[in-house]
Structure formats: C-alpha cells, structure tokens
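# Observations on chain architecture
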Amino acid sequence: MDDSDSPASENGKLPLRMYRRLKAWSQRYGLERKFSALLLLAAVLSGIATFAAMTGRLPGAGIRAASCCSSSWT
C-alpha cells in the first residue's frame, strides 16, 4: 500500500492549508501589527503593576498603592 493514497496523508495537508489561509487573512487585516502593539501594552502594564506591588507606590503618580501587610482594621 502506498502512503500517498492513505487518508492520513490528506489530513496532514489540511492543517498546512488552514495555516496558510489564516496567515493570509491576518496579514490582510494587519493583525500581526495589532497583536504586537497589544503585547507591548500588556508588557508595560505588567511592569507597572509589578513595580507598584513590590514598592507600594505607583510610578509617577505619588500615590501610595494599597499594601497587603498594612491594615487600618484593628
């Protein structure tokens, strides 16, 4: 039996065709650039949140962030 006649060889080509169509569609709508901008924004916000969590201060605002360890509840 020849492997090229088996259904598995046809199924192997399907994901590649779907990938190429998805890639062409995403390039047509500029999704690569939009996704990279979204990823950059998420990285910056994550850095700010990490800074605020570790220091208890929001950068540039002069505002003290809520601290986990200091409580006004007595």
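## Here's the deal with the overall build of the protein
The secondary structure content of the protein amounts to 2 helices and 0 strands. The 74 residues of the protein split such that 5% are buried. Accessible surface, the protein as shown: approximately 6900 Å² in total, 64% of it carbon and sulfur.

## What to know about the side chain of Ser26
The residue Ser26 is located in helix α1 (residues 7-28) in this model. Ignoring anything within four residues of it in the chain, the contact list for Ser26 reads Leu31 and Glu32.

## A closer look at a nonpolar patch on the surface
On the surface, Phe35, Leu38, Leu39, Leu40, Leu41, Val44, Leu45 and Ile48 cluster together into a nonpolar patch covering about 800 Å² of accessible area. Its place among the elements puts Val44 in helix α2 (residues 31-55). Look at Val44 and you get partly exposed, because its relative accessible area is 44%.

## Let's talk about α2
Helix length check: α2 (25 residues) gives 36 Å between terminal C-alpha atoms against 36 Å at 1.5 Å per residue, within 8%. Looking one or two residues past α2, Gly56 carries a phi angle of roughly 80 degrees, positive in sign.

Reading the values: the criteria
- Residues numbered from 1 in each chain as written.
- Predicted model: local features only at pLDDT ≥ 70, side-chain atom pairs only at ≥ 80, totals over all residues.
- Heavy atoms only, no water.
- Helix = DSSP H or I, 4+ residues; strand = E, 2+ residues; numbered from the N terminus.
- Buried < 20%, exposed > 50% of the residue type's maximum accessible area, 1.4 Å probe, protein only.
- Areas by Shrake-Rupley, 256 points an atom, 1.4 Å probe, with all protein chains shown as cover.
- Contact = heavy atoms within 4.5 Å.
- Patch = residues over 30% accessible without salt bridge, like charges linked within 9 Å, V, L, I, M, F, W, Y side chains within 5 Å.
- Salt bridge = Lys/Arg side-chain N within 4 Å of Asp/Glu carboxyl O.
- Expected span 1.5 Å × (residues − 1).

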